[in-house]
Amino acid sequence: EIYIVGDIVNIQEDKEIQVLCKNIYDLRKYYRLTQKEMAVKLGIGVGSLRMLEHGRIPERMTCDTIFKISIEFKIPVKALFYPLHLTESITGEEK
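For the structure given in this document, a descriptive report is provided here. Worth saying up front: this structure is predicted, and the values here are computed from it rather than measured. (Residues numbered from 1 in each chain as written. Predicted model: local features only at pLDDT ≥ 70, side-chain atom pairs only at ≥ 80, totals over all residues. Heavy atoms only, no water.)

What follows deals with the environment of leucine 80. Secondary-structure assignment places leucine 80 in the segment after α4 (63–73). Considering only alpha carbons, one finds leucine 80 and cysteine 21, 59 residues apart in sequence, at a separation of 9.0 Å. Dropping the residues within four chain positions of it, leucine 80 is found in contact with Val19, Leu20, Asn23, Leu27, Ile66, Ile69, Ser70 and Ile75. (Helix = DSSP H or I, 4+ residues; strand = E, 2+ residues; numbered from the N terminus. Contact = heavy atoms within 4.5 Å.)

Next comes the structure, spelled out in structure tokens:
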């Protein structure tokens, strides 16, 4: 179920989107980045990052953000939609 609230698209029932949002939060914490540092790496505002970390997709977000996550953290795009096990090596490289 997708519904729009103001300028936010809220996709509460879409499991893959919720997993993506949790992965974004987990990656930020794993690499010990502040919200500001993560937002800069992804080319988005801190407010948009906060929305993502709370499972809400900002209306103006594009696929570019997902590609930036993939490139920045060397994780295949497809893998971002499945739970990441960050205690293990997710990229085959050391952190």
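According to the stated counting rule, one finds three salt bridges in the structure shown. Between glutamate 53 and arginine 28 there is a salt bridge, and its shortest N-O distance comes to 2.5 Å. Here the residue glutamate 53 occupies a position in helix α3 (residues 46–53), and arginine 28 occupies one in helix α1 (residues 15–30), the gap between them amounting to 25 residues. An identical accessibility class is assigned to glutamate 53 and arginine 28; each is buried. (Salt bridge = Lys/Arg side-chain N within 4 Å of Asp/Glu carboxyl O. Buried < 20%, exposed > 50% of the residue type's maximum accessible area, 1.4 Å probe, protein only.)

Looking now at the environment of methionine 51. Its place among the elements puts methionine 51 in helix α3. Here the alpha-carbon distance between methionine 51 and cysteine 21, two residues 30 residues apart in the chain, equals 8.9 Å.

Our focus in this paragraph is the packing of α1 against α3. Here α1 crosses α3 at 115 degrees, and the two axes come no closer than 7 Å. Within the contact between the two elements, α1 uses Cys21, Ile24, Tyr25 and Arg28 and α3 uses Leu49, Leu52 and Glu53. Per-class residue counts for the contact of α1 with α3 are five nonpolar, no polar and two charged. (Axes fitted to C-alpha atoms, helices over the stretch in contact; angles between N-to-C directions. Nonpolar A, V, L, I, M, F, W, Y, C, P; charged D, E, K, R; others polar.)

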